Each structure stands twice: as C-alpha cells, then as structure tokens.
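The residues making up each chain are set out below.
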Amino acid sequence: MGDVLAGIHATWEFESDALVIRFERGNRNTPKLFGALRERRVPHEALASVTLTPGKRGTVVLHAVPRPGADPLMEAAAGQLKETCDPYRLVLPADRETLAEYYRDELRALLPGDAADGADGSGEGDDVAAVPTDGFLVAGPTGPLSFKTYDGRASFDGTSEVAFRWSWTGASSEKWKAGDQTFSVRELSGVEWRSPEILDGYLRLVPRDGAPRPAQPDRDPASVVFGLGYGPVHESLPFAAAVLAAIRGKDRVPVAVAAGAADAARRDPGAVADRIRHLGDLHRAGLVTDEEFSVKKAELLAEL
C-alpha cells in the first residue's frame, strides 16, 4: 500500500507485506517504551486481527492484534503492559474515524486466512488468530543492552551472553556467595519478566537443565530484582525480549568472543577487590561462615 497514517505518539506505514510502526521520540508525553523501541516491522502473517474502537477524550483507537508467539516483546510482557504502552495501538483524533475505518478494512484484507475476517464480521479471526506461530515473526530489540537493577547490573551482548554483576548494597548474601554470573543463551530455555510497576518486579532467566531454583528471585543468581526506580519498563522489557528472541533463534553466534570479554571483566583487579571487601562485610556480619569466606576469597583471588 505504501500509505502513511499518523496518530498520537506513532505513525503506521502500510507496506505490501508488512505494517511498519514508527514511534514519536522527544515528546515528554510519549511513553518511554515507544522511544526505546523506535520502529517495529510487523509482517501481515504476524497479525491476528485489526480493530477500531472509541478511545478516551475524543479519540479512536486502531489496534493491530499480534498472533500468539509472533512478537518476543509481547511474549515477554505476558499481558503486563498498560494499555497506553501497547505498541500495537494507534490513537487518532475522533474526526479521523472514517479514515481509520478505511485503513482498518484495507489491512484486514491483507491478513492471512480467517484472521482477515471473523465469522461475526468483527475482524476477529477464528482459526489463524488462535494458532501460535512456529517462531517469532517480529524482530526483537537489538543489542547490546544493559540496565541497572536494585541488586546489580544486567547486560546482554545482543547475541549470545547475558551477564549479571552484583552491587554492594542491593545483592543478597546468596548472590554474593555465587559471584557474578554469565549465561550462554544456549543454556537457557526462557525469560520471566515481572513488571517493575508491579510489587516485587524482577527479570529471571530459566535454565534449560531444569535444575531446582530458589523460590525468591532476590536469592536466585539467575535473576535480578528491580525495586523502586530500578529496571524501568522501557529498559527491562526490551532487554527481556531481546534475550528471549536470542534463546529461540535458530542461528546463534558463537560465544567465544563475548566469553573472552566477560573473562577480562572478571579479572579486573578493582572489581575483584570490591567483591572481596563485600565478602568480608558479609563474614563480619555473620552471614558467611569462616569456611565459606576462605573458599570464596580463594576463588576471587584466583581470578587475578
């Protein structure tokens, strides 16, 4: 189609095989998640339906509904996004309703199978819409990515490795005993994201081996916790989506280069000294036994 429909906070461009969503940036009223995403290309086969409904305060909302499993961002969000932060909603002034109806119908006609037209005429597909896709059809956010958490910093090289580095003040004794963590995406089967806007938000990696894990994320070395002001949605959700896309991707980049960089970081004398000092604090507070202190200190010194 090639047409462009500009709404509030976003613009839709209608290509012959995809819907391209470009988000407004620099406006303080625009959700920060939109600014972080910038642009999304959504193939028609990734969509289940398109709807048009009345919005708030003299607006209408054009909504492209993705199929289950089509978009790593929505899979990671797992229904936790606020309606105003849904990247598939285009808000328009009510006086553009007729134009919105036209583009709704044009886009519906391009959707595959029963997704284009429900039996009830609502545009809700009966078969295709309910069938999860075999793999992600929408590209995940690109890396490298990193963000600060309550108990440390999470980083992802964009292709093959996730790393958690614990902070002095926030990390639990269990995480300090385990030390900073590096995970190959090959060793992971999924990502759990609990929104920082919900009590006890966290990002948790799911190991492929299915080994038992601590019930509480703050004690699990495969997770980072958010807390007040940490891990905001626009940073932590794209991170979770990017990792999830890499986990499910068929072509993974070898980890040798990234692993070498991680090893170099672990050998940094200043970082090791900080970790030994914190270990000493835990020992003096009675949170680490004499034996645990000796063993862990020897491990840290061996990294130099």
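Residues numbered from 1 in each chain as written. Predicted model: local features only at pLDDT ≥ 70, side-chain atom pairs only at ≥ 80, totals over all residues. Heavy atoms only, no water.

Caption draft 1: Representation of the pairing of strand 13 (residues 202-207) within the structure. For strand 13, a buried count of five out of six residues is recorded, marking the element as mostly surrounded by other parts of the structure. Two elements, strand 12 (residues 188-194) and strand 13, share six bridges in a ladder whose sense is antiparallel. In the strand pairing of strand 13, leucine 188 is matched with proline 207. The pairing of strand 13 with strand 14 (residues 223-225) spans three bridges and is antiparallel. Each residue of the ladder has a partner; that of arginine 204, found in strand 14, is serine 223. (Buried < 20%, exposed > 50% of the residue type's maximum accessible area, 1.4 Å probe, protein only. Helix = DSSP H or I, 4+ residues; strand = E, 2+ residues; numbered from the N terminus. Pairing = 2+ DSSP bridges.)

Caption draft 2: How the structure looks around the sheet that holds strand 6 (residues 59-66). Sheet architecture is open: three strands sit in the order 5-6-7, paired in antiparallel fashion. Each of the sheet's edge strands pairs with one partner strand only, and the pair in question is strand 5 (47-54) and strand 7 (89-93). The average undirected angle you get between the axes of adjacent strands in this sheet is 15°. Bridge count between strand 6 and strand 7: five bridges; the pairing is antiparallel. By the bridge assignment, threonine 59 is partnered in strand 7 with proline 93. The strands touched by helix 3 (residues 97-108) within the sheet are strand 5, strand 6 and strand 7, with strand 5 carrying the most contacts at an inclination of about 165°. (Axes fitted to C-alpha atoms, helices over the stretch in contact; angles between N-to-C directions. Contact = heavy atoms within 4.5 Å.)

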